[in-house]
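Chain by chain, the residues:
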Amino acid sequence: NVDETASALESNYAAAKAGVVAINVKAFEALRDNVEANFDFVKSAITVKNVTDYVTLQSEFARKRLEAMADQTQQLSALARKLATETAEPIKEQVAKSFKIAV
């Protein structure tokens, strides 16, 4: 049915739009967190007294940023998988339904 197909496409579009917005929000949060961490590092680096303290500070900063990056990547991947599932499933169901009706 054309009306059902159009409804499925509208629903799919709404889900896709919401998913993209969620991904963009999460990406901007990650960007903000990374910028803040870099500024905090620079402020801390200015106050170090010797090379040993700087190396320790740099190592800790790098470790924390790698952990944060892994977490951010995981969160973005989860949102992308959710988006793919939520947008593909309604179309898949409608196509299957349409072919059953046509046969």
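Nothing here was measured: the structure is a model prediction, and the numbers come from that model.

Enquirer: Describe the packing of aromatic side chains, and please don't skip the residues or the numbers.
Expert: For the structure shown, the criterion picks out 2 aromatic pairs. The interplanar angle of 25° and the centroid separation of 4.5 Å between the aromatic rings of Phe41 and Phe61 together place this pair among those described as stacked. Note that Phe41 is positioned in helix H1 (residues 2–46) and Phe61 in helix H2 (residues 51–102), a separation of 20 residues in sequence. Assigned by exposure class, Phe41 and Phe61 land together as buried.

Enquirer: Got a sec to walk through H1? Specific residues and values, please.
Expert: Look at H1: 66 Å from first C-alpha to last across 45 residues, which is about the 66 Å you get at 1.5 Å a residue. For H1, the full list of buried residues reads Ala8, Asn12, Ala15, Gly19, Ala30, Ala37, Phe41 and Ala45.

Enquirer: Please set out the pattern of salt bridges residue by residue, giving values where relevant.
Expert: Taken as a whole and judged by the stated rule, the model has 8 salt bridges. Asp33 is the salt-bridge partner of Arg32, the closest N and O atoms lying 3.5 Å from each other. The salt bridge partner of Arg63 is Glu60, with a shortest N-O separation of 2.4 Å. Within this pair, Arg63 and its partner Glu60 are both found in helix H2, separated by 3 residues, close to a single helical turn. Look at the salt bridges and you will find they share partners, linking Glu60, Arg63, Lys64 and Glu67 into a network.

Conventions we followed
- Residues numbered from 1 in each chain as written.
- Predicted model: local features only at pLDDT ≥ 70, side-chain atom pairs only at ≥ 80, totals over all residues.
- Heavy atoms only, no water.
- Phe/Tyr/Trp six-rings, centres within 6.5 Å; stacked < 30°, edge-to-face > 60°.
- Helix = DSSP H or I, 4+ residues; strand = E, 2+ residues; numbered from the N terminus.
- Buried < 20%, exposed > 50% of the residue type's maximum accessible area, 1.4 Å probe, protein only.
- Expected span 1.5 Å × (residues − 1).
- Salt bridge = Lys/Arg side-chain N within 4 Å of Asp/Glu carboxyl O.

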